[in-house]
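Observations on the model geometry
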Amino acid sequence: MSGAEFIQISLAPLVIGVLSAIACALPGNFLILRRQALIGDAISHVVLPGIVVGFLVSGAVSTWPMMIGAAGAAIVAVVLIETVRRVGRIESGAAMGVVFTSMFAFGVLLLEQSDTSGVHLDVEHALYGNLESLIWLDGTGWAALLDPAALAGLPAELPRIAFVAAAIALLTLVFWRPLKLSTFDEGYARTVGLPTSLIGFTLVVVAAIAAVAAFDAVGSIIVIAMFICPPAAARLMTDRLERQVLWSVVFAALSAVSGYVLAGYGPLWLGGEHAISAAGMIAVTAGVIMALACLFGPHRKASGQRS
Amino acid sequence: MAQTDLPNIVLAANDGQPVRDAGLADSALAVREMTVSYGQKPAVFSVDASFGEGRLAAIVGPNGAGKSTLLKAALGIVPRLSGHATAFGIPVEHAADRIAYVPQRASVDWEFPTRVIDVVLMGLYRQLGLLGRVRTKHLDTARSCLARVGMEDFADRQIGQLSGGQQQRVFLARALAQDADLYLLDEPFAGVDAATEKAIIDVLKALRDEQRTVVCVHHDLTTVADYFDDVLLLNVRKIAEGPVAQVFTADNLQKTYGGRLATVHIDQLRLAAG
């Protein structure tokens, strides 16, 4: 593949894949430590009905109504999960399971009943995204990276996920101490004056924003995988949260790049003819990295066991 | 200061009486009509209690008596059904700079990826703020607090590598870093080794001797007389409070524990006459 072809066909999907992975992995670190890893799963499922409703209300496949619908659905889901947990008196994992499967199923029904079959809004799209289709036609060479006219032709998903990923990285840096403290010891955090409920709620909202922004480009499979796999693998590499978060960013980017390349070329190397789903391959790569970390990570021994 | 929260104080001041007559202002910690409920049954019911400044006090009672809950409700960690709490005469919420809380060791995940020194530095959060840099003086403070509990050699250990007693000492070191006037500890002696118990009680007595106030949720009746100046006997309701020498009586213990306390057991305690 020549440089020009790479830029036109692969650059945008690669960057979008990497940024989506990082945007999800950052809050994923804290969700896992708070034993709320499933919330990423829940959010990425419930955005489906939100996007369908956004489509039905606006009548067009336009970004903002669908994003607003998705964000609205995520908030509805978070409130419902809390309600089910308290009223039903069940643990939060079960509450999430009840809420997100019901809402996802409702989204599928809505999709089937509505007039959406003609557009590229379907269940497969929701699961796998459309990473391969995010090509940059104006990217005819490296010079295009400096050409404002050509840059304007970049897929709209790219600046959106770039903004979201940057915002999440900035929030993580600025609120590092309260986040770490309230994740480790919520009761104590409250006695030193931290608004722990607000911090917990904001974390979930930030995760929802990451899920919604990434969902559009890469589908829910990557979103679910990236909330959990890179942070979980990173935990096995180090005993310090600062380094764990850095490792999770490295693993997220590595999964996205190697998964995308493997999906594009792997089948050819093996004698097949067609490329396979990049989103599926990225998620698989993330799982493989997790497995390797389990086998070879330096801190895989439960640190509570003393040698 | 939200005076509306404190009708007792306002009344006392209006009457021209010394504020201490309200029974709140000269207490390091005071709770009034505190009721907490997790379900249908109250865990703590209408408890009035106060802890004097410069005293080492215990909250004692059977399992499920609401000891920890009372502490948490006073701190605002669990929601109160009714009642309020003051520290040094002002609402506890506004006294965060003067209060250090040591939660139960089992309340956190010790597999959390962090080091001993980082946990102690958490005690300096109010000094450091969001983005303040950790300077040498902060590290020195944290290290000297670790030294006070005999844990200076463990600063760089991952917290999951510690024994239960060592974990408890790290939690105490974090509270020491806050340099507070009121220390509230939830079961600091639960499941710790003898050396740790000695180290902790020595630190707590030293704090008391510096005119600071220490309140411990405590479950071991055999050490109450040795360790503490004052005791609050609690079983959902308050049974008795005051100096150990006056209220730690067989009669009060029987009221607190009901049939759960064997008479043989009582004979082994150094009880107050009464």
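Right above here is the structure, for reference.
Heads up: these notes are all about the structure in this document. It should be emphasised that the depicted structure is a prediction, and the values quoted were computed from it without experimental measurement. (Residues numbered from 1 in each chain as written. Chains lettered and ligands numbered in written order. Predicted model: local features only at pLDDT ≥ 70, side-chain atom pairs only at ≥ 80, totals over all residues. Heavy atoms only, no water.)

**Concerning the sheet that holds strand β5 (residues 90-91) of chain B**
All names here are of chain B. We apply this condition: Two strands pair if DSSP finds at least two bridges between them. Strands are runs of DSSP state E lasting at least two residues, helices are runs of H or I lasting at least four, and both sets are numbered from the N terminus onward. Contacts were defined at the residue level, with two residues in contact if any of their heavy atoms lie within 4.5 Å. All axes here are fitted lines through C-alpha atoms, helices being fitted over the stretch that makes contact, and every angle between N-to-C directions spans 0 to 180 degrees.
Taken together, the 4 strands give an open sheet; going across it, the order is β2-β1-β4-β5, and neighbouring strands pair in antiparallel fashion. The strands lining the two open edges of the sheet, one partner per strand, are β2 (42-52) and β5. Bridge analysis of strand β1 (residues 27-37) against strand β4 (residues 82-87) gives 5 bridges, and the strand direction is antiparallel. Within β4, the position partnered with V31 by the bridge is A85. Relative to the sheet, helix α2 (residues 67-75) contacts β1, β2 and β4, its axis offset from that of β1 by approximately 110°.

**Some words on the interface of chain A and chain B**
Inclusion rule: Two parts placed together each lose some accessible area; with a 1.4 Å probe, that loss summed over both constitutes the buried area. Whenever a carboxyl oxygen of Asp or Glu lies within 4 Å of a side-chain nitrogen of Lys or Arg, that contact is scored as a salt bridge. N or O atoms within 3.5 Å of each other form a polar contact, as long as, within protein, one can give a hydrogen and the other can take it, and as long as residues adjacent in sequence are counted only when both atoms are side-chain atoms. Throughout, the ten residues Ala, Val, Leu, Ile, Met, Phe, Trp, Tyr, Cys and Pro are labelled nonpolar, Asp, Glu, Lys and Arg are labelled charged, and all others, Gly among them, are labelled polar.
With 28 residues of chain A in contact, the opposing surface of chain B contributes 34 residues. The contact between chain A and chain B buries some 2,800 Å² in all, and 59% of this surface belongs to carbon and sulfur atoms. Sorting the residues of chain A by area buried against chain B places R177, F184 and Y188 of chain A first, and these three jointly supply 29% of that buried surface. Linking chain A with chain B are 2 salt bridges, by the criterion used here. Ionic pairing is found between R174 of chain B and D185 of chain A, a salt bridge with its closest N-O pair at 2.7 Å. Where chain A packs against chain B, one counts 11 residue pairs in polar contact (both at pLDDT 80 or more). Counting residues per element, the side of chain A that touches chain B draws most heavily on helix α8 (residues 176-184) of chain A, which supplies 6 residues. Grouping the constituent residues of the side of chain A that touches chain B by class yields 12 nonpolar, 7 polar and 9 charged.

**Examining the sheet that holds strand β8 (residues 213-218) of chain B**
Residues and elements named next belong to chain B. Reading across the sheet, the 6 strands line up as β6-β7-β8-β3-β9-β10 and stay open at both edges, with mixed pairing between neighbours. On the outer flanks of this sheet lie β6 (99-102) and β10 (237-243), each paired with one strand and no other. Taking the axes of each pair of neighbouring strands and ignoring which way they run, one obtains an average angle of 15° across the sheet. Looking at chain direction, β6 and strand β7 (residues 182-186) are connected through 4 bridges and run parallel.

**Considering the nonpolar core**
Let me state the cut-off plainly: Buried Ala, Val, Leu, Ile, Met, Phe, Trp, Tyr and Cys residues form a nonpolar core when they are joined through side-chain atoms within 4.5 Å. The rule is simple: take the accessible area with a 1.4 Å probe, protein chains only, and divide by the maximum for that residue type; under 20% is buried, over 50% is exposed, in between is partly exposed.
In terms of nonpolar packing, the biggest core is built from 136 residues, with I43 of chain A together with Y183, L204 and V231 of chain B touching the most fellow members. Among the elements that make up this core, the one with the highest residue count is helix α10 (residues 196-235) of chain A (19 residues). The contacts of V231 of chain B, once residues within four sequence positions are left out, are A58, V60, V224, A240, E241, G242, V244, V247 and F248 of chain B. Listed in part, the 31 residues of the second largest apolar core include V36, L70, I77 and I99 of chain B.

**So, the packing of aromatic side chains**
Heads up, the rule is: Think of it this way: a Phe, Tyr or Trp ring, Trp meaning its six-membered ring, pairs with another when their centres are within 6.5 Å, and the plane angle makes it stacked under 30 degrees, edge-to-face over 60, tilted otherwise.
Within this structure, the stated rule accounts for 9 aromatic pairs over all chains. With a centroid separation of 5.2 Å and an interplanar angle of 55°, the aromatic rings of F184 of chain A and F112 of chain B are classed as tilted. Of this pair, F184 of chain A sits in helix α8 while F112 of chain B is found in the loop between β6 and α3 (116-122), placing the two residues in two different chains. The residues F184 of chain A and F112 of chain B share a single accessibility class, namely buried.

**A word on the pattern of salt bridges**
Two side chains of opposite charge can pair, provided their charged atoms sit close to one another. Residues and elements named next belong to chain B. Counted by the stated rule, this structure contains 21 salt bridges over all chains. Put simply, D181 and R98 hold a salt bridge, and the shortest N to O gap is 2.8 Å. Of the two residues, D181 is situated in the loop between α6 (164-177) and β7 and R98 in the loop between β5 and β6; the sequence distance between them amounts to 83 residues. Given the relative accessible area of 29%, D181 is considered partly exposed. Taking the shortest distance from any N to any O, the salt bridge between K238 and E241 comes out at 2.9 Å.

**Looking at the pairing of strand β3 (residues 56-60) of chain B**
Residue and element names in this part refer to chain B. In terms of burial, β3 is a largely internal element, 5 of the 5 residues being buried. Burial along β3 is two-sided: the residues L56, A58 and V60 and A57 and I59 are all buried. Where β3 lies against β8, 5 bridges are found, and the strand directions are parallel. Looking across to β8, one finds that V60 is bridged to H218.

These figures capture arrangement, not role.
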